[in-house]
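# Geometric and topological summary
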Amino acid sequence: MKVQDVMTPRPISVTPDTPVSKVSLLMKKNRIGGIPVTEDEKPVGIVTETDILSLLTMPEISDDLWLPSPFEVIEIPIRELMNWEKTKDALSDIGSMPISEVMSDDLICTAPDVDIEEAAHIMMKEGIARLLVVEGDNLVGIVTRADLVRGLGSRYGGLEE
């Protein structure tokens, strides 16, 4: 069985300048965990849920941590309010950020006529959950681990004991 037999043809894709907020909504609406990023139907990156979630990680505690003196106790609510304002601004900036700042551009691709076992080997070796399928330079599909498992299941379905 070949990749073209199990892949999703013409997958949803976005351009590098698509905002993170729109990509997140596409993932939610279509119940998908990754979206290819293309320019003129040529893959230039891929963005996954993990990439987007990484934007929400909290920064490490800074070296300028201070402990208040008794006189500074009055200052604490003011400093906390300032930190909350910075946090709100950072979160609102995430949604308008272009996906090109988050996507992976080290692409691993395969051809549609590759055997699904070979595609599974590539995905396991590279530690990825989805593989872009290209013909020439153009994106023609995407194959996920679940697609490969279904393909193998249908291949061996007649061998039940």
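Before going into details, it helps to say that this report is about the structure given with it. (Residues numbered from 1 in each chain as written. Predicted model: local features only at pLDDT ≥ 70, side-chain atom pairs only at ≥ 80, totals over all residues. Heavy atoms only, no water.)

## As for the sheet that holds strand E1 (residues 8–9)
Here we have 4 strands laid out as an open sheet, ordered E1-E6-E5-E4, and mixed in their pairing. At either end of the open sheet lies a strand with only one pairing partner, and these are E1 and strand E4 (109–110). Taken together, the 2 bridges between E1 and strand E6 (residues 138–144) define a ladder with antiparallel strand orientation. Within the sheet, the bridge partner assigned to Thr 8 lies in E6 and is Ile 142. (Pairing = 2+ DSSP bridges. Helix = DSSP H or I, 4+ residues; strand = E, 2+ residues; numbered from the N terminus.)

## Remarks on the pairing of strand E2 (residues 34–39)
Most of E2 is tucked away: 5 of the 6 residues are buried. One ladder, built from 6 bridges, connects E2 with strand E3 (residues 42–48); its direction is antiparallel. Note on E3: the bridge partner recorded for Pro 36 is Ile 46. (Buried < 20%, exposed > 50% of the residue type's maximum accessible area, 1.4 Å probe, protein only.)

## Structural notes on the pattern of salt bridges
A complete count under the given rule lists 3 salt bridges for this structure. The partner of Asp 115 in a salt bridge is Lys 2, with the nearest N and O atoms 2.9 Å apart. In this pair, Asp 115 sits in the loop between E4 and helix H5 (116–126) while Lys 2 sits in the segment before helix H1 (3–6), placing the two residues 113 residues apart along the sequence. Judged by relative accessible area, Asp 115 falls into the partly exposed class, the value being 35%. (Salt bridge = Lys/Arg side-chain N within 4 Å of Asp/Glu carboxyl O.)

## Quick notes on unusual backbone geometry
Here Arg 10, not a glycine, exhibits a phi torsion of approximately 45 degrees, which is positive. Within the secondary structure, Arg 10 is located in the loop between E1 and helix H2 (20–30). Classification of Arg 10 by relative accessible area gives exposed; the value is 71%. Non-glycine residue Glu 41 carries a positive phi angle of around 65 degrees. Its location among the elements puts Glu 41 in the loop between E2 and E3.

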